[in-house]
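# Summary of structural features
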2 protein chains.
Amino acid sequence: MVVKVYGSVDASPQRVLACLVEKEIDFEIIPIDLFKGEHKDPEFLKLQPFGQVPVIQDGDYTLYESRAIMRYYAEKFKSQGTELLGKTIEERGLVEQWLEVEAQRFHPPVYKLVVHILLASALGFPSDPKIIQESEAKLGKVLDIYEERLSKSKYLAGDFFSLADLSHLPFNQHLVADLGKEHMIRDRKHVSAWWDDIGNRPSWKKVLQLGVFELPK
Amino acid sequence: MVVKVYGSVDASPQRVLACLVEKEIDFEIIPIDLFKGEHKDPEFLKLQPFGQVPVIQDGDYTLYESRAIMRYYAEKFKSQGTELLGKTIEERGLVEQWLEVEAQRFHPPVYKLVVHILLASALGFPSDPKIIQESEAKLGKVLDIYEERLSKSKYLAGDFFSLADLSHLPFNQHLVADLGKEHMIRDRKHVSAWWDDIGNRPSWKKVLQLGVFELPK
């Protein structure tokens, strides 16, 4: 069964695609053009009432929220491809802890940087320098805690790669590639080594080859 | 083994306590006084570097982030107490989807209401009527989607109570008890019936008996 992934090739769907590649699961991308508002079409809202990507369809099973989709496939195909949830219930607990840290602490400030640096200039709305400054300061404090953690274990949840690391790939990529904030990663020795490791995984290279986050011209 | 729960008796620790009661797990509360800044003490930061509650200690295992702690105990004691993750991998996928909806869509606006209605008046900082208005509008749209969902299934993830419902208890309680926003639940027939159901569970009554969210006098 080929998994249908509704999404544009941007951050949240990329998180799901990286997971599917790691788990060796075949998928097909159904493009949803956010800039044309296709995520607010009535037909799409039947799949995802909040009007957001990604959504997957797998036979007659439909699921949304990128981190929920990743957990589903990591559990369903536990013994296929890369183990992404740890080997024990205690390891999974730590994977869940760092997945929550990614969603609740890392994502909000880095997402504001994307909105006010990348989207503002592309879509022509005014970016707010104060929000950029505050978001960078908040993100810096989060990355200081990552630096401390990664000085003690190779990956966030322990000495094993997991969904917690994988979930950071799309916005780490934005930091180094198009936000002009690579220094936030490079100035922290262990965060920098972690990014060199996870950002060079074949799964992430493959996702990037599918196309980059393309803004309207 | 008695689980130590570091927390004040407020929203996020309450989520964990309700889960422990449902799973019939003994716990002991170690009070952390947020108003005295005890969550920023160096000793506490060794347990939780972001300086937030709750944290649990279970023998030599330490875990933080309320939703991660709930998932850990729901899985570790799967066959003890109430089943909270669904019976199949597909059901768990939907539990994870609605847990993400709670964390990403429901929580941000309702948390802003708590800050600008409840905490502002108690702590004497200016509340922002515009943020209150915008947050109520956002939350209303989220609850409209809940109303549609709950017209088709008794609980969020399906016809079974789960972590996805349980995770809403503390802030639903704020809406009806001290934010003056009970109408947001009562004006929606199926959301109202859902709250009457989950808000009257013995586990939640027991958590409320442990003490309410006490603001400094």
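What you see is a predicted model, and the numbers here were worked out from it, not measured in a lab.

## With respect to the overall build of chain A
- Looking only at helices and strands, one finds 10 helices and 4 strands in chain A.
- Ordered by position in the sequence, the α and β elements of chain A form the string β-α-β-α-β-β-α-α-α-α-α-α-α-α.
- Oriented by its inertia axes, the alpha-carbon framework of chain A measures out at about 50 × 45 × 25 Å.
- A burial count over chain A gives 54% of its 217 residues as buried.

## Focus on the interface of chain A and chain B
- Chain A puts 30 residues into the contact, and the matching count from chain B is 30 residues.
- When the buried area of chain A at its contact with chain B is split by residue, Phe50, Glu65 and Arg105 of chain A rank highest and sum to 19% of it.
- Across the chain A-chain B interface, the total number found is 10 salt bridges.
- For Arg105 of chain B, the salt bridge identified is with Glu65 of chain A, shortest N-O distance 3.0 Å.
- Our count for the contact surface shared by chain A and chain B stands at 12 residue pairs in polar contact (both at pLDDT 80 or more).
- Elements with a contribution of two residues or more to the side of chain A that touches chain B: strand 4 (61–64), helix 3 (66–76), helix 4 (89–123) and helix 5 (129–150) of chain A.
- Ranked by residues supplied to the side of chain A that touches chain B, first place goes to helix 4 of chain A with 13 residues.
- Along the lines of polarity and charge, the residues of the side of chain A that touches chain B split into 15 nonpolar, 5 polar and 10 charged.

## A closer look at the domain arrangement of chain A
Residue and element names in this part refer to chain A.
- Entries for chain A in the domain assignment read domain 1 (3–81) and domain 2 (89–201).
- If you average the C-alpha positions of domain 1 and of domain 2, the two centres end up 21 Å apart.
- Each partner contributes to the interface: domain 1 provides 12 residues, whereas domain 2 provides 16 residues.
- For the domain 1 and domain 2 pair, buried surface summed over both sides reaches about 1200 Å², with 60% attributable to carbon and sulfur atoms.
- Among the residues domain 1 hides against domain 2, the three largest losses belong to Arg15, Arg67 and Arg71. Together they make up 43% of the total.

## Examining the pairing of strand 4 of chain A
Residue and element names in this part refer to chain A.
- Pairing of strand 3 (residues 55–58) with strand 4 involves 4 bridges; the strand directions are antiparallel. Counted as the bridge partner of Val55 is Tyr64 from strand 4.
- With antiparallel pairing between neighbouring strands as the criterion, strand 3 and strand 4 make up a hairpin whose turn holds 2 residues, including Gly59 at a positive phi of roughly 65°.

## Description of the packing of helix 7 (residues 169–177) of chain A against helix 9 (residues 189–198) of chain A
Residue and element names in this part refer to chain A.
- Packing of helix 7 against helix 9 leaves a shortest axis separation of 11 Å and a crossing angle of 115°. If you check the angle between helix 7 and helix 9, you find them roughly perpendicular. Handedness of the helix 7/helix 9 crossing: left-handed. Across from Leu169, Asn172, Gln173 and Val176 in helix 7, the residues of helix 9 making contact are Trp194, Trp195 and Ile198.

## Concerning the packing of aromatic side chains
Residue and element names in this part refer to chain A.
- Evaluated as defined, the whole model comprises 24 aromatic pairs over all chains.
- Centre to centre, the rings of Tyr111 and Phe171 are 6.5 Å apart; their planes meet at 75°, and the pair counts as edge-to-face. Of this pair, Tyr111 sits in helix 4 while Phe171 sits in helix 7, and the two are 60 residues apart along the sequence.
- Overall, Tyr111 belongs to the partly exposed group, its relative accessible area being 41%.

## Focus on the nonpolar core
- Of all hydrophobic cores here, the largest spans 136 residues; its most connected members are Trp98, Tyr146 and Leu163 of chain A together with Trp98, Tyr146 and Leu163 of chain B.
- Excluding its chain neighbours within four sequence positions, the residues that come into contact with Leu163 of chain A are Cys19, Met70, Arg71, Ala74, Leu84, Leu85, Val95 and Leu99 of chain A.

## Looking at the environment of Phe171 of chain A
Residue and element names in this part refer to chain A.
- Phe171 gets classed as buried once you look at its relative accessible area, which sits at 4%.
- Measuring from C-alpha to C-alpha, the distance between Phe171 and Leu84 comes to 19 Å, with 87 residues separating the pair along the chain.
- Leave out the neighbours within four places in its chain, and Phe171 touches Ala11, Arg15, Phe106, His107, Val110, Tyr111 and Val114.

## Considering the sheet that holds strand 3 (residues 55–58) of chain B
Residues and elements named next belong to chain B.
- Read across the open sheet, the 4 strands follow the order 2-1-3-4; overall the sheet is mixed. The open sheet has two edge strands with one neighbour each: strand 2 (27–31) and strand 4 (61–64). Along the sheet, successive strands turn relative to each other by an average axial angle of 20°, direction set aside.
- Pairing analysis gives 5 bridges linking strand 1 (residues 3–7) to strand 2, with the strands arranged parallel. Each residue of the ladder has a partner; that of Lys4, found in strand 2, is Glu28.
- Strands strand 1, strand 3 and strand 4 of the sheet are contacted by helix 3 (residues 66–76), whose axis makes an angle of about 130° with strand 4.

Cut-offs applied
- Residues numbered from 1 in each chain as written.
- Chains lettered and ligands numbered in written order.
- Predicted model: local features only at pLDDT ≥ 70, side-chain atom pairs only at ≥ 80, totals over all residues.
- Heavy atoms only, no water.
- Helix = DSSP H or I, 4+ residues; strand = E, 2+ residues; numbered from the N terminus.
- Buried < 20%, exposed > 50% of the residue type's maximum accessible area, 1.4 Å probe, protein only.
- Contact = heavy atoms within 4.5 Å.
- Buried area = accessible area lost by both parts, 1.4 Å probe.
- Salt bridge = Lys/Arg side-chain N within 4 Å of Asp/Glu carboxyl O.
- Polar contact = N/O pair within 3.5 Å; in protein donor to acceptor, adjacent residues only side chain to side chain.
- Nonpolar A, V, L, I, M, F, W, Y, C, P; charged D, E, K, R; others polar.
- Domains from an automatic or database assignment.
- Pairing = 2+ DSSP bridges.
- Axes fitted to C-alpha atoms, helices over the stretch in contact; angles between N-to-C directions.
- Parallel < 35°, antiparallel > 145°, perpendicular 65-115°, else oblique.
- Left-handed = near helix turned anticlockwise from the far one by under 90°.
- Phe/Tyr/Trp six-rings, centres within 6.5 Å; stacked < 30°, edge-to-face > 60°.
- Core = buried A, V, L, I, M, F, W, Y, C linked by side-chain atoms within 4.5 Å.

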